[in-house]
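# Breakdown of the fold
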Amino acid sequence: MTVQVDVPPVGSWSYAACYWGLALSNLLTRHRLQARVPPVFEARFDPGADDGPRWCEALGLDDEAVAAPFVYAQSVGTVLYMRAFAALGLNLRHLVHLDHASWMGATARGRQTVASELVDLVALGPDKLVLSMASDVRDAAGRSTLKVRDRFLVRGYGAAQVAHLPLDPDLARAIRLRARRQPALDTARAQVLPVAIARDAGRRYARVSGDAGPVHTSFLGARLFGYPMPILQGMATRNLVLGRLASIGVNTRQIELQLCRPVLCGQTARLVRDGPQVELLDRHGALLAAGLIGTAPV
């Protein structure tokens, strides 16, 4: 079943009412796991002629990054994901963005359609699971312009709530190793690029992406979640990495990115690149994100 959703343009009062209505309802709901599978949620997206410069400015990138494959339709995708989370009964406070993959297809022109759906639910133990979501962005001719896959760790369940899900010990082990992962690239031999992350980077990114959670946009909100500074949105990290690479002429149409640690705003990180491998390190050398870039078609 497919449910059509009317998503207002990002930056409008209508979009803010839509986003915060869903967010507050979700944050106040009891955390549970519904037995029903959510439908495919679909909405239209109208790109703007000035999206490239606006996104570069929001991410603190030079105009050389304007050709980067930014996820301009994220404002729509965010609402569709939230609709799916609500249908599953999940409370956003218990979600952690684990990783992201995207593949660019046909060049986007004019109105597009975004469809988001639940792909999989896998138990990691008696109290947590991994949720996989996928999105497909298509142009008016039905050609795929972007495919996205995101995985989220969801905690805070009772044993009976996830007992019916398939158990994946190998995935649980991989996630534990991810939390302890150290940088693998040699900064003395690889290409190292500075990546400036402004103190208000989360708020600036929210204006173009619609992802305005208080942990990203507010110092008070960040402290309530246990962080000394606002943390960058997971998709902002993805777009910042690809934008920085685009600014030096790297043409990437595919990325698989593991989000290893929260990225605090107000720092200058380092992007390390060795061929298709990339790592984002914080000011102390801790690994923030790691992945592979490529140019393979969808």
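Here is a short report on the structure shown in this document.

Calculation criteria
- Residues numbered from 1 in each chain as written.
- Predicted model: local features only at pLDDT ≥ 70, side-chain atom pairs only at ≥ 80, totals over all residues.
- Heavy atoms only, no water.
- Buried < 20%, exposed > 50% of the residue type's maximum accessible area, 1.4 Å probe, protein only.
- Helix = DSSP H or I, 4+ residues; strand = E, 2+ residues; numbered from the N terminus.
- Pairing = 2+ DSSP bridges.
- Lys, Arg positive; Asp, Glu negative; His and termini not counted.
- Salt bridge = Lys/Arg side-chain N within 4 Å of Asp/Glu carboxyl O.
- Polar contact = N/O pair within 3.5 Å; in protein donor to acceptor, adjacent residues only side chain to side chain.
- Contact = heavy atoms within 4.5 Å.
- Phe/Tyr/Trp six-rings, centres within 6.5 Å; stacked < 30°, edge-to-face > 60°.
- Axes fitted to C-alpha atoms, helices over the stretch in contact; angles between N-to-C directions.

### Here we look at the pairing of strand β6 (residues 144–154)
When you tally the buried positions in β6, you get 8 out of 11 residues, the bulk of the element. When strand β3 (residues 95–104) meets β6, the two strands line up antiparallel, connected through 9 bridges. Within the sheet, the bridge partner assigned to Ser-102 lies in β6 and is Val-148. Across 10 bridges, the pairing between strand β5 (residues 129–139) and β6 is antiparallel. By the bridge assignment, Arg-138 is partnered in β6 with Ser-144. A loop of 4 residues connects β5 with β6, the two strands running antiparallel in sequence, and Gly-142 in this loop sits at a positive phi of about 85 degrees.

### Considering the side chain of Glu-279
Within the element layout of this structure, Glu-279 appears in strand β10 (residues 277–281). No salt bridge forms around the buried Glu-279; measuring N to O, its nearest opposite-charge neighbour Arg-181 is 4.5 Å away. Among the polar contacts made by the side chain of Glu-279, one reaches the main-chain amide nitrogen of Ala-184 at a distance of 2.8 Å. Beyond its immediate sequence surroundings of up to four residues, Glu-279 is in contact with Pro-183, Ala-184, Leu-185, Arg-270, Leu-271, Val-272, Leu-287, Ala-289 and Ala-290.

### Topic: the environment of Arg-253
In this structure, Arg-253 sits in the loop between α9 (234–246) and β8 (254–259). Assessed through its relative accessible area of 29%, Arg-253 is described here as partly exposed. When the C-alpha atoms of Arg-253 and Ala-68 are compared, they prove to be 8.7 Å apart, with 185 residues separating the residues in sequence. Polar contacts involving the side chain of Arg-253 include one to the main-chain carbonyl oxygen of Gly-105, which spans 2.3 Å.

### Some points on the pattern of salt bridges
Counted under the stated rule, the structure contains 11 salt bridges. Here Arg-44 ties to Asp-46 by a salt bridge, and the two come within 3.8 Å at their closest N and O atoms.

### A word on the packing of aromatic side chains
Under the criterion given, the structure shown has 8 aromatic pairs. With a centroid separation of 5.9 Å and an interplanar angle of 25 degrees, the aromatic rings of Trp-55 and Phe-70 are classed as stacked. You can see Trp-55 sitting in helix α2 (residues 51–59) and its partner Phe-70 sitting in the loop between α2 and α3 (74–88), a full 15 residues away along the chain. The pair formed by Trp-55 and Phe-70 is uniform in burial state, with each residue classed as buried. On the basis of an interplanar angle of 90 degrees and a centroid distance of 5.3 Å, the ring pair of Trp-55 and Tyr-72 is categorised as edge-to-face. One end of the pair, Trp-55, is in helix α2; the other, Tyr-72, is in the loop between α2 and α3, with 17 residues separating them in the sequence. For Tyr-72, a relative accessible area of 21% gives the class partly exposed.

### Some remarks on the sheet that holds β6
With mixed pairing, the 11 strands of this open sheet are ordered in space as β1-β2-β4-β5-β6-β3-β8-β11-β10-β9-β7. At either margin of the open sheet sits one strand with a lone partner, and together these are β1 (2–4) and β7 (191–197). Shown here is a sheet whose adjacent strand axes are inclined to one another by a mean of 20 degrees, direction ignored. The pairing of strand β9 (residues 267–274) with β10 spans 5 bridges and is classified as antiparallel. Considered in β10, the bridge of Val-272 is made with Glu-279. Packing against the sheet, α9 makes contact with β3, β6, β7, β8, β9, β10 and β11 (287–294), and its axis sits at approximately 130 degrees to β8.

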